[in-house]
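Chain by chain, the residues:
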Amino acid sequence: MSALFRSELLKIRTIRTFLWLAVANIAVVLVTAIATAASDDTFNTDQNHRGVAQIAGIALILALISGIIVMGGEARHGTITQTLLVTPLRERVVLVKVAVAALIGLALAVIAEGLVLLVTVPASLDVHKAGGALLGILIGAPLAGALGVGLGALVYAQGAAIGTSLAWLLIGESLLVPAISDSAQKYTPGWTFGALASGVRDGGDQVLGMAGGGVAAAVWTAVFVAAGLLALLGRDI
Amino acid sequence: MIEVVDLRKRYRKATAVDGLTFKVRDGRITGFLGPNGAGKTTTLRILLGLVHPTSGRATIDGRRYRLLEEPVQRVGAVLEATNFHPKRSGRNHLRVLAAAAGIPTARVDELLELVGLGSVARRRVGAYSLGMRQRLSVAGALLGDPQLLVLDEPANGLDPEGIRWLRDFLRGFADEGRTVFISSHVLGEMQQLADEVVIIHHGRLVAHGPVEELTARATGGTRARSPEAERLRESLERQGVDASVDGDRVLTTAAAERVGEIAAAEGIVLHELTTETASLEEAFLELTAEGGIE
């Protein structure tokens, strides 16, 4: 397992895709954090402090995309064939990719939060008030990366998986789900990860609390990883 | 030893492999031949655990590929030359595979030199020619110094020099007592390279045996050269032997002995009497056209 893990990390290091994702992570966080810190009414309420911390939430989206690329990139370039020739036990391949994607997600979250703190603490961010959101993002980003691997294995096409997931988050959860059921929206993947990263302990009718969101996000992650694994086990390569 | 037993693979609308059974013996080069769509690639991919069979089994040393311990050390495989990340260098591609198999990087550099890619090892694979990618595939297959090589159309994209290199390499590999199972469309190349061949058509076995045996079983012919070619043709046809004339040459499917006896009996001078054996290509075309002989 450790050899396969090293191999997967080497895959990440030997192409620039993940470097660009890290650069995007840094750029978005820096620009947003600097603009926020420069605003006069940024730190008036507890909610505002949490909102500033949630700038680092971009790491959740980038972690999801990273996870999709970790798995879907292999399908896109056909390198999955070589991977499975060296490690024919597909379940092992998926589990190691889940671990690698989780690690990437964690790294993205740590970088994003580090930058947010670096820019906004001198401008009066209260870390205690923002702590819940920061913790939620640190937990959520690895889960998002792992979920991305499952989605990549399930859809088995990198571009389609990224496009579908973004369309779902932007349109599906915001428009389609509420049209069917208002109460269902808070259980959708995007909203559960949002709840986890919210830093709000207690939920309500429209949104889960942080703990509930964390559990639901973990369940969604497990469901997607299991579905992706089953799809890959049955797939002809 | 590779063993394929009653192997079947059905897709929604087509049957790719239909009750295929054969064995590939160790220490030999076995060619795997068949027209496009015959089921060769599907069979190889089932053997390598990439495609699930509908029924039957394909095993290496009695085990399915996914159950082999250290598969890279037992089997090297060359499949499509397109299975690379175009932005990754050739050396890094091999390093990734080597890391997963627990093979040191020194082996990577050694193989890059062996396949003639040492000078371009750090160049991105996207900039490689098809021939260079094939060589990289071969290097990848050799990482674990395996006892068995499985190759699917490895000559695709190789220039004549590359094909010669591959032939010499595979021959040397087999001379060390190792096994090569290779599918190819280049029948002339296979005739020179393979000890025996497995020929399939429509997913079914049509022939399996040594190359010499298959070419001998296929229709050959006799060529005679005579200053009385037309008279020889008439004499042959009077004896019920079909023949045709091309200048001073007479071509017939009868054995040389029979042609010689008829010519002697008629007092016809012969300048040449040659038995023409069929090439592997002719044998292949005959076998796949007929639906095969067991």
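None of the values given here were measured: they were computed from a predicted structure.

Q: Quick question: what am I supposed to make of the overall build of chain A here?
A: For chain A, the helix and strand inventory stands at 10 helices and zero strands. The order of helices and strands in chain A, counted from the N terminus, is α-α-α-α-α-α-α-α-α-α. Relative to the 2.2 N^0.38 estimate, which gives 18 Å for 237 residues, the radius of gyration of chain A is 18 Å and therefore close to what a compact globule would have. Reported as C-alpha extents along the three principal axes, the dimensions of chain A are approximately 60 × 40 × 25 Å. A buried classification covers 50% of the 237 residues belonging to chain A. For chain A, contacts bridging at least 24 residues in sequence account for 80% of all contacts bridging at least 6.

Q: Teacher, can you tell me more about helix α1 (residues 2-13) of chain A here?
A: Because the α-helix completes a turn every 3.6 residues, residues three or four places apart line up on one side. Here α1(A) spans 16 Å end to end across 12 residues, near enough to the 16 Å set by a 1.5 Å rise per residue. Those residues of α1(A) lying buried are Leu4(A), Ser7(A), Glu8(A) and Lys11(A). Looking straight down α1(A), one finds its buried side chains confined to an arc of 100°; they lie on one side. Those residues of α1(A) that are buried lie in contact with α6 (90-120) of chain A together with α3 (90-101) of chain B.

Q: Sorry, what's going on with the packing of helix α4 (residues 58-77) of chain A against helix α8 (residues 158-180) of chain A here?
A: When two helices pack together, their arrangement is given by the angle between their axes and by how far apart the axes lie. All names here are of chain A. One can describe the packing of α4 onto α8 by two numbers: an axis separation of 8 Å at closest approach and a directional angle of 155°. The angle between α4 and α8 places the two elements in the roughly antiparallel class. Of the residues in α8, those in contact with Leu64, Ile65, Ile68, Ile69, Gly72, Gly73, Ala75 and Arg76 of α4 are Gln158, Ala161, Ile162 and Ser165. Looking at the contact of α4 with α8, its residues break down into seven nonpolar, four polar and one charged.

Q: I keep staring at the interface of chain A and chain B and nothing clicks. Help me out?
A: One frequently used descriptor of interface size is the decrease in accessible area upon assembly of the parts. Taken residue by residue, the interface counts 22 residues in chain A and 27 residues in chain B. Breaking the side of chain A that touches chain B down by element, the ones donating at least two residues are α1 and α5 (80-86) of chain A. When residues in the side of chain A that touches chain B are grouped by element, the largest group, six residues, is from α1(A). Residues that form the side of chain A that touches chain B fall into these classes: 10 nonpolar, eight polar and four charged.

Q: What is the right way to read the environment of Ala123(A) from this model?
A: In this fold, Ala123(A) is placed in the loop between α6 and α7 (127-155). Remark: the alpha-carbon pair of Ala123(A) and Leu138(A), spanning 15 residues in sequence, is separated by 22 Å.

Q: What is the right way to look at the nonpolar core in this model?
A: One finds Ala56(A), Ala59(A), Leu60(A), Val116(A) and Val150(B) to be the most contacted residues of the largest nonpolar core, which totals 145 residues. Considering every element that reaches this core, the biggest residue donor is α7(A), with 15 residues. With residues near it in sequence (within four places) discarded, Leu60(A) still touches Ile137(A), Gly140(A), Ala141(A), Ala144(A), Phe193(A) and Ala197(A). Counting residues in hydrophobic clusters, the runner-up holds nine residues, among them Ala224(B), Ala243(B), Val259(B) and Ala263(B).

Q: How do you make sense of the sheet that holds strand β5 (residues 75-78) of chain B when you look at a structure like this?
A: Think of a sheet as strands paired side by side through backbone hydrogen bonds, with each pair either parallel or antiparallel. Residue and element names in this part refer to chain B. Here six strands make up an open sheet; going across it, the order is β5-β6-β7-β3-β8-β9 and the pairing mixed. Of all the strands in the sheet, just β5 and β9 (204-210) have a single pairing partner and so form its edges. Shown here is a sheet whose adjacent strand axes are inclined to one another by a mean of 15°, direction ignored. The pairing of strand β6 (residues 148-152) with strand β7 (residues 179-183) spans five bridges and is parallel. Residue pairing for β7: Leu151 is matched across the bridge by Ile182. Seen against the sheet, helix α5 (residues 130-142) touches β5 and β6 and runs at an angle of roughly 165° to β5. Each of β3 (29-33), β6 and β7 is contacted by helix α6 (residues 160-175), which is oriented at about 145° to β7, the strand it contacts most.

Q: What am I meant to see in the sheet that holds strand β1 (residues 2-10) of chain B here?
A: Residues and elements named next belong to chain B. Reading across the sheet, the three strands line up as β2-β1-β4 and stay open at both edges, with antiparallel pairing between neighbours. Sheet topology places β2 (15-24) and β4 (55-60) at the edges, where each strand pairs with a single neighbour. Within the sheet, the average angular offset between the axes of one strand and its neighbour, ignoring direction, is 20°. Relative to β4, β1 runs antiparallel, the two being bridged by five bridges. Residue pairing for β4: Val4 is matched across the bridge by Ala58. Strands in contact with helix α1 (residues 40-47) are β1, β2 and β4; relative to β1, the strand with the most contacts, it is inclined by about 115°.

Q: Would you explain the domain arrangement of chain B in this entry?
A: What the domain assignment lists for chain B is domain 1 (2-216) and domain 2 (221-276). Taking the mean C-alpha position of each, domain 1 of chain B and domain 2 of chain B sit 46 Å from one another.

Analysis parameters
Residues numbered from 1 in each chain as written. Chains lettered and ligands numbered in written order. Predicted model: local features only at pLDDT ≥ 70, side-chain atom pairs only at ≥ 80, totals over all residues. Helix = DSSP H or I, 4+ residues; strand = E, 2+ residues; numbered from the N terminus. Rg over C-alpha atoms; globule rule 2.2 N^0.38 Å. Buried ≥ 20, exposed ≤ 12 C-beta atoms within 10 Å, placed from the backbone. Contact = placed C-beta atoms within 7 Å. Expected span 1.5 Å × (residues − 1). Arc of directions from axis to C-beta. Axes fitted to C-alpha atoms, helices over the stretch in contact; angles between N-to-C directions. Parallel < 35°, antiparallel > 145°, perpendicular 65-115°, else oblique. Nonpolar A, V, L, I, M, F, W, Y, C, P; charged D, E, K, R; others polar. Core = buried A, V, L, I, M, F, W, Y, C linked by C-beta atoms within 7 Å. Pairing = 2+ DSSP bridges. Domains from an automatic or database assignment.

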